[in-house]
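Read off the chains here:
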Amino acid sequence: MYTETLKNQWFSNVRGDILAGITVALALIPEAIAFAIIAGVDPMVGLYASFCIAVLISIFGGRPGMISAATGAMALLMVDLVKDHGLEYLLAATILTGIIQFILGILKIGRFITFIPQAVIIGFVNALAILIFMAQLPHFVGETWMMYAMVAGSLAIIYILPRFTKAIPSPLVAIIVMTILAITLSLDVRTVGDMGAITRSLPMFHLPNIPLTLETLLIILPYSLPLAFVGIIESLLTATIVDEMTETKSDKNREVKGQGFANFVTGFFGGMAGCAMIGQSVINVRSGGRGRLSSLVAGVFLLFLIIVLGDIVTQIPMGALVGVMIMVSIGTFDWTSLREIAKIPRPDAVVLIATVAIVVTTHDLAMGVFSGVLLSALFFGWKMAKIKSNEVVKDGIKTYHIKGQMFFGTMAHFVDLFDYHADPDEIVIDFSSSHVWDHSAVTAISKVKQKYENINKKVIITGLNEDSQTIVNQVGLSSSSGH
């Protein structure tokens, strides 16, 4: 079994995984540098984080072929901590983030991904695609026509080359070709080196230089908690998307623990907290990456690029990498959702649009997802809170046939369904088409029963299914009424 798993997850697609990993590593460099700059730290902090997390998650993660590294969503949460307390506190917060995530993984929080509706997932994907595209626009500011030509040329290679051969990932070819053109023709274009200095040195083990006190914990905990949850949400949603792209399943709880372990170790090697990257994961999958080897190669080759090929890497034109990321945004966006939005239920359409709008406006993926889930829950609760009754009078007995769900949301309406004083002396309440869910529902039934008994009328409760009868027996009708 172990040998079979090793083969399937590591060595079933060696060539595709290696080439995809190399492509991802090249695209990771400007992203990691940019996210480090957003967080207010040295570019190497982002690069070290991307190396450590990509390598560790390839071994300990639960989703083969998914890329994790430093991300923009996490970087935005670090800004104030770095500004107020410095890098050492950020490293400590990264370690604590990893510990929190690992504990949540042990508690199997990964199962809660099933509570995120499809409309929220599609909204998340579309919003992320828009954000990826928007993130490329600043690279065009102040640039000449050569930048536009380079982006156009990169996109042409990316989309046309696969029609002739898929032996080498077209994004990798685009980056190589554009880099050769920029160097040989001495083109005056913006390069990776212009984004930040790359130090050709290995990450070293380093204990954060902070006092081990309760005060320190109180400083970093308010940052580590949101970092942990944002990392988990983005990673689990990305894992779900990669599951669909590859038509395979992943271990969500193992992924959460893997993310935690990766962040924990990264904090000791000078890196910032990170999580799964949907953009890089899409590049990996579309370039032929499927197994854990692709993530490992991405991390290892990233370090190789920094240490050995640093001088060449700094000359990679940003136009080539912008072209690759535009391809990612186009490929990530769920274009079918535009055609089907008029066909899906209106509440789902509202949730989808709201999720996209909130994420794009705030640049906060977690807020968008939480808002989408909350809105879905409200719509669902509103729909479920509809309850009605069909009344039949026969032989002096009035039967109320209840239809709908009995829970806290229908409690008040249920009590108002009955005509207490006008009804005959014997009442039957039939729950054959209903279900009793909670204590509030039992309380409502008990109130109705008590109202009739107070005016000397008999009430018979019938039609309760097994689960409903169990909760009614547990709570007890007489005790629920307070009489």
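No experiment lies behind these values; they were computed from the predicted model shown.

### Quick word on the nonpolar core
Piece 1. Core analysis: the largest hydrophobic core is formed by 121 residues, its most contacted members being Ile-29, Leu-47, Phe-124, Val-192, Ile-198 and Met-272.
Piece 2. If you tally residues by element for this core, the top one is helix H2 (residues 14-39), at 13 residues.
Piece 3. With 25 residues, the next largest nonpolar core counts Ile-402, Phe-418, Ile-445 and Leu-464 among its residues.

### Considering helix H8 (residues 170-184)
Piece 1. Given a rise of 1.5 Å per residue, 15 residues ought to cover 21 Å, and the 21 Å separating the end C-alpha atoms of H8 matches this to within 8%.
Piece 2. Among all positions in H8, only Ser-170, Pro-171, Leu-172, Val-173, Ala-174, Ile-175, Met-178, Thr-179 and Ala-182 are buried.
Piece 3. Structurally, H8 contributes buried residues whose contacts are with H2, helix H7 (145-160) and helix H14 (318-332).
Piece 4. Just beyond H8, the residue with positive phi is Ser-186, at close to 50°.

### Digging into the environment of Ser-432
Piece 1. Following the sequence through the fold, Ser-432 ends up in strand E5 (residues 426-436).
Piece 2. Residue class for Ser-432 comes out exposed when judged on its relative accessible area of 52%.
Piece 3. A sequence separation of 184 residues divides Ser-432 from Thr-248, and the C-alpha atoms of the two residues are 41 Å apart.
Piece 4. Excluding its chain neighbours within four sequence positions, the residues that come into contact with Ser-432 are Thr-462 and Gly-463.
Piece 5. Of note is the side chain of Ser-432, whose polar atom sits 2.6 Å from the side chain of Asp-430.

### Observations regarding the layout of surface pockets
Piece 1. Approximately 770 Å³ is the volume found for the largest pocket.
Piece 2. Around the largest pocket, the lining is made up of 31 residues, and of these Glu-31, Phe-35, Ile-38, Gly-72 and Ala-135 lie nearest the centre.
Piece 3. Top contributing element to the lining of the largest pocket by residue count: H2, with 7 residues.
Piece 4. Looking at the lining of the largest pocket, its residues break down into 22 nonpolar, 7 polar and 2 charged.

### Observations regarding a nonpolar patch on the surface
Piece 1. Together, Tyr-159, Ile-160, Phe-164, Ile-330, Trp-335 and Leu-338 give the surface a local cluster of nonpolar side chains, amounting to about 670 Å² of exposed area.
Piece 2. Checked against the element boundaries, Ile-330 lands in helix H14.
Piece 3. Among the residues examined, Ile-330 registers a relative accessible area of 37% and is labelled partly exposed.

### Considering the packing of aromatic side chains
Piece 1. Going through the model one piece at a time under the given rule, you end up with 14 aromatic pairs.
Piece 2. Between Phe-205 and Phe-268, the aromatic rings sit 5.6 Å apart at their centres with planes inclined by 15°, giving stacked as the arrangement. Of the two residues, Phe-205 sits in the loop between H8 and helix H9 (214-246) while Phe-268 sits in the loop between helix H10 (252-266) and strand E2 (274-276), which places them 63 residues apart along the sequence.
Piece 3. Since its relative accessible area comes to 53%, Phe-205 is described here as exposed.
Piece 4. Relative to Phe-431, the ring of Phe-414 lies with its centre 6.0 Å away and its plane at 35°, an arrangement referred to as tilted. Of this pair, Phe-414 sits in helix H18 (residues 411-415) while Phe-431 sits in strand E5, placing them 17 residues apart in sequence. Note on accessibility: Phe-414 and Phe-431 belong to one class, buried.

Cut-offs applied
- Residues numbered from 1 in each chain as written.
- Predicted model: local features only at pLDDT ≥ 70, side-chain atom pairs only at ≥ 80, totals over all residues.
- Heavy atoms only, no water.
- Core = buried A, V, L, I, M, F, W, Y, C linked by side-chain atoms within 4.5 Å.
- Buried < 20%, exposed > 50% of the residue type's maximum accessible area, 1.4 Å probe, protein only.
- Helix = DSSP H or I, 4+ residues; strand = E, 2+ residues; numbered from the N terminus.
- Expected span 1.5 Å × (residues − 1).
- Contact = heavy atoms within 4.5 Å.
- Polar contact = N/O pair within 3.5 Å; in protein donor to acceptor, adjacent residues only side chain to side chain.
- 1 Å grid on protein atoms, 1.4 Å probe; cavity = no way out; pocket = protein on both sides within 12 Å on 5 of 7 lines; lining within 4 Å.
- Points joined across faces, edges and corners; volume = space filled by probe spheres on them.
- Nonpolar A, V, L, I, M, F, W, Y, C, P; charged D, E, K, R; others polar.
- Patch = residues over 30% accessible without salt bridge, like charges linked within 9 Å, V, L, I, M, F, W, Y side chains within 5 Å.
- Areas by Shrake-Rupley, 256 points an atom, 1.4 Å probe, with all protein chains shown as cover.
- Salt bridge = Lys/Arg side-chain N within 4 Å of Asp/Glu carboxyl O.
- Phe/Tyr/Trp six-rings, centres within 6.5 Å; stacked < 30°, edge-to-face > 60°.

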